[in-house]
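The residues making up each chain are set out below.
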Amino acid sequence: MTGPIVEFFPAPRIRRLLPVPPASTPPELGADWPVRSLHLNESPFAPAPEVVAAMQQAAAGLNRYPDHDGLQLVAALAARLGVASDRIVIGAGTNELLFASGEITLDPGDEAIAPDPGFVTYAKIVAMRDATFVGVPVRADGIVDVAATVAAVTPRTRLVYVATPNNPTGGMLEQAHVEKLVAELPDHVLLHYDEAYYEFGRHAGGPDGLALLERRKAPWIATRSFSKAYGLAGARIGYGIASTAAVAEAYRKIRINFSVNAVALAGALVALDQTAHTEALLEHTAQERDRLDAALTRLGFRTFPSAANFITAVAPSPARELTSALRELNVFVLPMPWRDSPGALRITIGTREDNDAVIAGLSRAMAAR
Ligand SMILES: Cc1ncc(COP(=O)(O)O)c(C=O)c1O
């Protein structure tokens, strides 16, 4: 090619987006050091063999497009949840459904509310719609502040994201909080109830959010993921339960053609039935979360109560330095700011060995201060 490169001018709303840091976990220290990927809230365990077998079989038919509507999976979910299948939608991870909520509701200048700190994607979605992002600080215990969320609604608000358990704090709404949300959130907003960590929350004794949401007369969608408790993060598949068939139809209308691939559909369908495999992960996560919580507390961290597959703890010394120290051991965790503190670490619950490596690495880093 000759001549000067013509500069590319994306729309201002795209230019304003922050660059996305790499999300993968390349080994930094060579083959002898296991990569301990504890910054993406993945399952540390492979999917059940039955799931892998179904996916391998589906791979043999990849010359065909997948079933765009995922009818078999939707039917299985409908039966399991006791919800009409025309209220269920699928997406390439719940990420796709989070984006869809923004596309369905937000025009430039509209407002959307989300927890702060919250899943970073909410702010990105709102920015991409040229809408105004209103972050509502989570409570000191890391739980979404329902009263403050309701109070932040204005006539311009079109969309409210609520996450329970919340990422990155792990806090879970109690039944009374959800009841308040359902009773008090105005009707002119779409409530996107993000339950990416739903199975962990239920295992920790959390409320059945869906049953409570059914009382809301205005639009809502609850989304759940196969990435976390079902161990299919790499397959990219999630689903949503919408308040009505009409709300679900809006998601179906805008979905990118065939966004959920055939291998993911086959894996998710079989994963739903692998109850023992899922239960073992939930049990392991709860036990190891308690163990990590106790160890972090001993080291001088202040942990948030977590009902998810990660634990977040306010650090006694700069969180970024601790993250770097762990990185030198090929252990990857997420540093994050937390009010009036040197920052916090969000640590995914890994295998027992992963968690031991975190504890040993942090002990060493704290002793070296
Ligand atoms: C709160 C929350 N919502 C949604 C997602 C998206 O999950 P996925 O697109 O893998 O289903 C995540 C992923 O970490 C999350 O933490």
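A.B. asks: What is the right way to look at the nonpolar core in this model?
C.D. replies: Leu-73 and Phe-226 are the most contacted members of the largest nonpolar core, which totals 49 residues. Examining the composition of this core, we find that six residues originate from one element, helix α11 (residues 262–271), more than from any other. Ignoring any residue separated from it by four or fewer positions in sequence, one finds Leu-73 in contact with Ile-90, Phe-226, Ile-237, Leu-265, Ala-268, Leu-269 and Leu-272. By size, the runner-up hydrophobic cluster in this structure holds 23 residues, among which are Phe-301, Ile-311, Ala-315 and Ala-365.

A.B. asks: Looking at this model, I keep getting lost on the pattern of salt bridges. Mind explaining?
C.D. replies: Any two side chains of opposite charge can pair, so long as their charged atoms come close to each other. Here the structure, examined in full by the defined rule, presents 13 salt bridges. Here Arg-87 makes a salt bridge to Glu-214, at a shortest N to O gap of 3.0 Å. One end of the pair, Arg-87, is in the loop between α3 (71–81) and β2 (88–91); the other, Glu-214, is in the loop between α9 (209–213) and β7 (220–225), and 127 residues separate them in sequence. Sharing partners across several salt bridges, the network here consists of Glu-288, Arg-291, Arg-352 and Asp-356.

A.B. asks: Can you walk me through the sheet that holds strand β8 (residues 238–242) in this structure?
C.D. replies: Pairing within the open sheet is mixed, and its seven strands lie in the order β2-β8-β7-β6-β5-β3-β4. In the strand order of this sheet, the two ends are held by β2 and β4 (132–137), each with one partner. The sheet shows a mean angle of 20° between the axes of neighbouring strands, taken without regard to direction. In this structure, strand β3 (residues 111–116) lies alongside β4, joined through six bridges in parallel fashion. Within β4, the position partnered with Ile-113 by the bridge is Val-134.

A.B. asks: Is there a simple way to think about the domain arrangement of the protein chain in this case?
C.D. replies: Bring the parts together and some accessible area is lost; that lost area is often taken as the interface size. In terms of domain boundaries, the protein chain breaks down into domain 1 (24–46 + 275–367) and domain 2 (49–271). The distance between the C-alpha centroids of domain 1 and domain 2 comes to 25 Å. In this assembly, 25 residues from domain 1 lie in contact with 29 residues from domain 2. Between domain 1 and domain 2, a total of about 1,900 Å² is buried, with carbon and sulfur atoms accounting for 61% of that surface. By the criterion of area lost to domain 2, the three top residues of domain 1 are Leu-282, Ala-307 and Arg-339, representing 26% of everything that side buries. Scanning the region where domain 1 abuts domain 2 turns up zero salt bridges.

Thresholds, definitions, all that
Residues numbered from 1 in each chain as written. Predicted model: local features only at pLDDT ≥ 70, side-chain atom pairs only at ≥ 80, totals over all residues. Heavy atoms only, no water. Core = buried A, V, L, I, M, F, W, Y, C linked by side-chain atoms within 4.5 Å. Buried < 20%, exposed > 50% of the residue type's maximum accessible area, 1.4 Å probe, protein only. Helix = DSSP H or I, 4+ residues; strand = E, 2+ residues; numbered from the N terminus. Contact = heavy atoms within 4.5 Å. Salt bridge = Lys/Arg side-chain N within 4 Å of Asp/Glu carboxyl O. Pairing = 2+ DSSP bridges. Axes fitted to C-alpha atoms, helices over the stretch in contact; angles between N-to-C directions. Domains from an automatic or database assignment. Buried area = accessible area lost by both parts, 1.4 Å probe.

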